[in-house]
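# Architecture at a glance
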Amino acid sequence: MINNFAAADFSMLKKFYEEAFQTLDAKRATPDIDVRFYPYVGINHTIRLRDGKIYVRLAEICQTAPLNVQRALAFILVAKLLRKKVPPLAVQIYQSFVKSREMQAKAIENKLAKGRKIITSPKGEIYDLDEIFARLNKTYFQNAIEKPILSWSARKTYRILGHHDSTHQAIVISKSLDDAKVPQYIVEFVVFHEMLHIFHPTTLRDGRHYNHTPQFRRDEKKFVYFAEAENWIERNAGKLKRSAKRKVKK
Ligand SMILES: [Zn+2]
């Protein structure tokens, strides 16, 4: 069982179930409710009543659903439990979320299928990512980061300088940086940024994902050549930098 949902989010979820009970059966006293996420495969949820208490088990995949979807799901499950008519709007909201998640899952699958082919090797013509990783891990993380798959990308991408893929535990660095004209501290900085994504996993708040949290940004500045690296990227990546900073080194 994985329960990395913040406590505040759980109390919010509980409120949705209470609201659903009060709305669908106002005469009934609202029972005590226990809501958890379970690593069910696919999208599958259960709700049951035992000894006057309600147990809700939601598929983990819905952990990242926005709050309006969580609320819609609460109404659907409670209506089913009470054998009441499920509010059509709730069904509509929930279904469109499921559909978009399926689309997303397919898109990620496709991306990974392509990504697998482009994974090459950590040893480039100029820089060795294994060496760089080991050095950074020792200097900045007390060797606490478990070694991911390290690879240069097959193609030289300029907008995307680095990428951390948490599903496959891989860090892929743009081949464009494996160049004698690129200072070593730049490659290190991009690898360091991706390592911080392992160190500070994505957090979820109000149904939104946060990759570059304030703690992440604070730690990023600990890189010895932080200012120089930012400058270099700015000068050399020019206009690309804005989108690069936002989307890229994700
Ligand atoms: Zn990033």
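Before any of the text, the structure's been laid out above.
Reference entry: report on the structure contained in this document. Worth saying up front: this structure is predicted, and the values here are computed from it rather than measured.

## Re the environment of Ala59
- One can find Ala59 in strand β3 (residues 53-59).
- On the accessibility criterion, Ala59 (0% relative accessible area) is buried.
- Linking Ala59 and Pro39, residues 20 residues apart in sequence, is a C-alpha distance of 5.9 Å.

## Observations regarding the sheet that holds strand β1 (residues 32-38)
- Strand order across the open sheet formed by three strands is β1-β3-β2, with mixed pairing between neighbours. Across the chains shown, the open sheet's two edge strands, defined by having one partner strand only, are β1 and β2 (46-50). Neighbouring strand axes in the sheet, compared pairwise and without regard to direction, differ in orientation by 20° on average.
- Bridge count for β1 against β3 is seven bridges, and the pairing is parallel. Residue pairing in the sheet places Asp32 in a bridge with Lys53 of β3.

## Observations regarding the sheet that holds strand β5 (residues 162-165)
- The strand order β4-β6-β5 describes an open sheet built from three strands, whose pairing is mixed. Either end of the sheet is taken by a strand with one partner, and the two such strands are β4 (149-152) and β5. If you compare each strand with its neighbour and ignore which way they point, the axes differ by 15° on average.
- By the bridge criterion, four bridges tie β4 to strand β6 (residues 170-173) in an arrangement that is parallel. Each residue of the ladder has a partner; that of Leu150, found in β6, is Ile171.
- Taken strand by strand, helix α4 (residues 129-141) contacts β4 and β6, and its axis lies near 130° from that of β4.

## Considering the packing of aromatic side chains
- Summed over the entire model, instances satisfying the criterion amount to nine aromatic pairs.
- Judged by centre distance (5.3 Å) and plane angle (35°), the ring pair of Tyr185 and Tyr225 falls under tilted. Residue Tyr185 is located in helix α5 (residues 184-199), and its partner Tyr225 is located in the loop between α6 (214-220) and α7 (226-237); the two are separated by 40 residues in the primary sequence.
- With a centroid separation of 5.7 Å and 75° between ring planes, the pair formed by Phe189 and Phe226 is classed as edge-to-face. Here Phe226 lies in helix α7 and Phe189 lies in helix α5, a separation of 37 residues in the sequence.
- Note on Phe189: relative accessible area 0%, which makes it buried.
- Here the aromatic cluster, defined as three or more aromatic residues joined through ring pairs, consists of Tyr140, Phe141, Tyr185, Phe189, Phe192, Phe199, Phe223, Tyr225 and Phe226.

## A closer look at the nonpolar core
- Within the largest apolar cluster, 31 residues are counted, with the highest numbers of intra-cluster contacts made by Tyr17, Val56, Leu58 and Val78.
- Of all the elements in the fold, those that place two or more residues in this core are α1 (7-24), β1, β3, α2 (67-82) and α3 (88-118).
- For this core, the element with the most residues is α2, which contributes 10 residues.
- Discounting chain neighbours no more than four positions away, the residues touching Val78 are Tyr17, Ala20, Phe21, Leu24 and Ile47.
- If you look at the next biggest cluster of nonpolar residues, it comprises 28 residues, including Ile132, Phe189, Phe223 and Ala229.

Thresholds, definitions, all that
- Residues numbered from 1 in each chain as written.
- Predicted model: local features only at pLDDT ≥ 70, side-chain atom pairs only at ≥ 80, totals over all residues.
- Heavy atoms only, no water.
- Helix = DSSP H or I, 4+ residues; strand = E, 2+ residues; numbered from the N terminus.
- Buried < 20%, exposed > 50% of the residue type's maximum accessible area, 1.4 Å probe, protein only.
- Pairing = 2+ DSSP bridges.
- Axes fitted to C-alpha atoms, helices over the stretch in contact; angles between N-to-C directions.
- Contact = heavy atoms within 4.5 Å.
- Phe/Tyr/Trp six-rings, centres within 6.5 Å; stacked < 30°, edge-to-face > 60°.
- Core = buried A, V, L, I, M, F, W, Y, C linked by side-chain atoms within 4.5 Å.

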